[in-house]
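One-letter residues, chain by chain:
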Protein chains: 2
Amino acid sequence: MAAVRTIRIEENVLADNDASAAAVRSMLTAAGTTMINFMSSPGSGKTTLLTALIPALKDEMRIRVMDVDIESALDAQRVADATGVEALQIHNGGLCHIDADMVARALAQYPQAVTDTDLLILENIGNLVCPAEFDTGAHKNVMILSVPEGDDKPLKYPLMFSVCDLVLINKIDTLAYFDFNIEAAKQRIRRLNPGAEILCVSAKTGEGLDAVCDWVRKACSEQMKVRI
Amino acid sequence: MAAVRTIRIEENVLADNDASAAAVRSMLTAAGTTMINFMSSPGSGKTTLLTALIPALKDEMRIRVMDVDIESALDAQRVADATGVEALQIHNGGLCHIDADMVARALAQYPQAVTDTDLLILENIGNLVCPAEFDTGAHKNVMILSVPEGDDKPLKYPLMFSVCDLVLINKIDTLAYFDFNIEAAKQRIRRLNPGAEILCVSAKTGEGLDAVCDWVRKACSEQMKVRI
């Protein structure tokens with residue numbers, strides 16, 4: 001009985017959230033800011049990826065980062081130190097996700113992220129379940145699946161793989177040490193989400209990062225076209 | 001405002017859950033069944049660990065497994081095939097955790113897990129956030145932190161590391177390929193949870209598994225003493 005009650009509550013919360021997300025997205029679009037939401041399991045390499053990606057893009061666009069965590073400002077600090085861009089740490093009060101209202105409140109306290117930013121990166125909390133349920137207002141969703149996690153994850157966390165525009169298979173430098181079949185993973189992702197792009201990378205060695213940069217550039221230029 | 005509402009709801013749900021968890025635990029204790037809840041990130045090796053642990057213990061105790069997933073029966077099938085013990089797959093309706101009411105309902109449909117079992121293993125959903133908030137009724141909580149996830153996880157997911165009785169640092173066979181400092185991880189865990197035991201293992205190579213078996217034996221015999 002408690003479970004049914006929880007589900008009903010969640011449906012109301014999700015409907016409210018969709019409206020807030022649409023408002024956040026409209027505001028960002030009007031300002032010419034593209035927001036990309038990065039999601040993954042804990043430890044799949046979101047922060048390392050950002051510290052590699054941002055330096056390759058920051059000379060051609062104004063980038064800011066919002067990092068969501070339950071506690072600590074480790075990730076925001078790591079990104080800021082490694083890339084020189086501004087990073088805001090959001091503590092989400094122990095919740096398992098960030099929703100569009102939380103993004104709206106963060107942006108209200110950090111208006112430069114709207115008015116003075118071309119690419120706003122949201123580093124979501126490490127979790128393959130709840131963040132997939134909450135539209136954050138981002139224009140694009142990216143999820144990172146790392147090789148050590150296994151190629152069966154699309155079968156077990158289907159919603160996450162369904163809501164993303166890009167799947168990055170990360171830590172491919174460790175393929176020799178794990179039983180991870182890239183083709184099997186790709187097929188499982190495509191079955192859930194035929195429109196998603198899939199790229200293989202190693203945030204550590206830099207392999208495959210150029211293609212990720214191109215994808216980000218394209219996402220930003222598409223957004224600018226929508227605005228015009 | 002939506003976030004505050006969510007938190008209030010969660011507090012009620014958690015209070016209800018604590019009462020249900022106490023009831024589940026009493027029932028299991030009275031039946032002489034020890035329940036151990038295994039939690040971790042997706043892909044940290046819960047299922048592989050169980051397929052290594054159960055064969056080493058199944059001749060000395062009657063073991064059953066309940067596997068929680070959003071979708072697929074992959075894990076329950078893998079455990080059953082590899083170990084020969086009965087495994088029940090629980091689909092949790094897309095939620096990010098399993099709570100004590102869900103456990104109670106599963107046990108009502110699967111009474112052998114109470115009446116004919118010495119060790120009942122719950123393989124929780126892969127998530128470092130939500131499962132930590134919900135007491136499942138288990139006598140002991142184990143969390144698995146795998147080397148590829150990084151040694152900073154206790155700083156970022158403190159509740160999970162606070163509620164567990166045993167932390168297994170898994171995939172130690174891959175230590176050479178990742179920047180993971182075991183001593184730093186141990187210190188961070190001990191700061192949050194001085195009473196937790198910490199063991200290093202490789203579910204793949206079997207290294208360190210004897211100590212895990214001993215820990216499980218001790219947990220079961222403690223439980224039998226409580227009963228008497």
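Structure: above.
Attention here is on the structure that accompanies the text. (Residues numbered from 1 in each chain as written. Chains lettered and ligands numbered in written order. Predicted model: local features only at pLDDT ≥ 70, side-chain atom pairs only at ≥ 80, totals over all residues. Heavy atoms only, no water.)

### A look at empty space enclosed by the protein
And step 1. Inspection of the entire model under this criterion finds three cavities of 30 Å³ or more.
And step 2. The space that makes up the second largest cavity amounts to roughly 60 Å³.
And step 3. Every residue lining the second largest cavity is counted, 14 residues in all, and those nearest its centre are Pro148 and Glu149 of chain A together with Ser146, Pro148 and Glu149 of chain B.
And step 4. Its residues assigned to classes, the lining of the second largest cavity comprises four nonpolar, six polar and four charged. (1 Å grid on protein atoms, 1.4 Å probe; cavity = no way out; pocket = protein on both sides within 12 Å on 5 of 7 lines; lining within 4 Å. Points joined across faces, edges and corners; volume = space filled by probe spheres on them. Nonpolar A, V, L, I, M, F, W, Y, C, P; charged D, E, K, R; others polar.)

### Considerations on helix H3 (residues 74-83) of chain B
And step 1. Buried residues of H3 of chain B: Asp75, Ala76, Val79 and Thr83 of chain B, and no others. Across the axial projection of H3 of chain B, the buried residues extend over an arc of 100°, all falling on one side.
And step 2. Of the surrounding secondary structure, the elements contacted by the buried residues of H3 of chain B are helix H6 (153-156) of chain A together with helix H2 (46-57), strand E2 (63-69), strand E3 (87-91) and strand E4 (119-126) of chain B.
And step 3. Downstream of H3 of chain B by one or two residues, Gly84 of chain B has phi in the positive range, about 80°. (Buried < 20%, exposed > 50% of the residue type's maximum accessible area, 1.4 Å probe, protein only. Helix = DSSP H or I, 4+ residues; strand = E, 2+ residues; numbered from the N terminus. Arc of directions from axis to C-beta. Contact = heavy atoms within 4.5 Å.)

### Here's the deal with the environment of Ala76 of chain B
Residue and element names in this part refer to chain B.
And step 1. Looking at the element boundaries, Ala76 is found in helix H3.
And step 2. We classify Ala76 as buried; its relative accessible area is 5%.
And step 3. Among residues more than four places away in sequence, those in contact with Ala76 are Asp67, Ala87, Leu88 and Gln89.

### Topic: the environment of Gly43 of chain A
Residues and elements named next belong to chain A.
And step 1. Relative to the assigned elements, Gly43 resides in the loop between strand E1 (34-40) and helix H2 (46-57).
And step 2. Taking the relative accessible area as the measure of exposure, Gly43 reaches 17% and is therefore buried.
And step 3. With 105 residues separating them in the primary sequence, Gly43 and Pro148 have C-alpha atoms 9.9 Å apart.

### Details of the pattern of salt bridges
Residues and elements named next belong to chain A.
And step 1. Scanning the entire structure with this criterion turns up 22 salt bridges over all chains.
And step 2. Its salt-bridge partner being Asp151, residue Arg188 comes within 3.0 Å of it at the nearest N-O pair. Here Asp151 lies in the loop between strand E5 (140-146) and H6 and Arg188 lies in helix H8 (residues 182-192), a separation of 37 residues in the sequence.
And step 3. Overall, Arg188 belongs to the partly exposed group, its relative accessible area being 23%.
And step 4. The structure contains a network of salt bridges with shared partners spanning Arg62, Arg64, Glu86, Asp116 and Asp118. (Salt bridge = Lys/Arg side-chain N within 4 Å of Asp/Glu carboxyl O.)

### Some words on helix H4 (residues 100-109) of chain B
All names here are of chain B.
And step 1. Turning to H4, its buried residues number three or more, namely Ala100, Met102, Val103, Ala106 and Leu107. Considered in projection along H4, the buried side chains sweep an arc of 155° and stay on one side of the axis. Away from the buried face of H4 by more than 90 degrees, exposed residues Ala108 and Gln109 are located.

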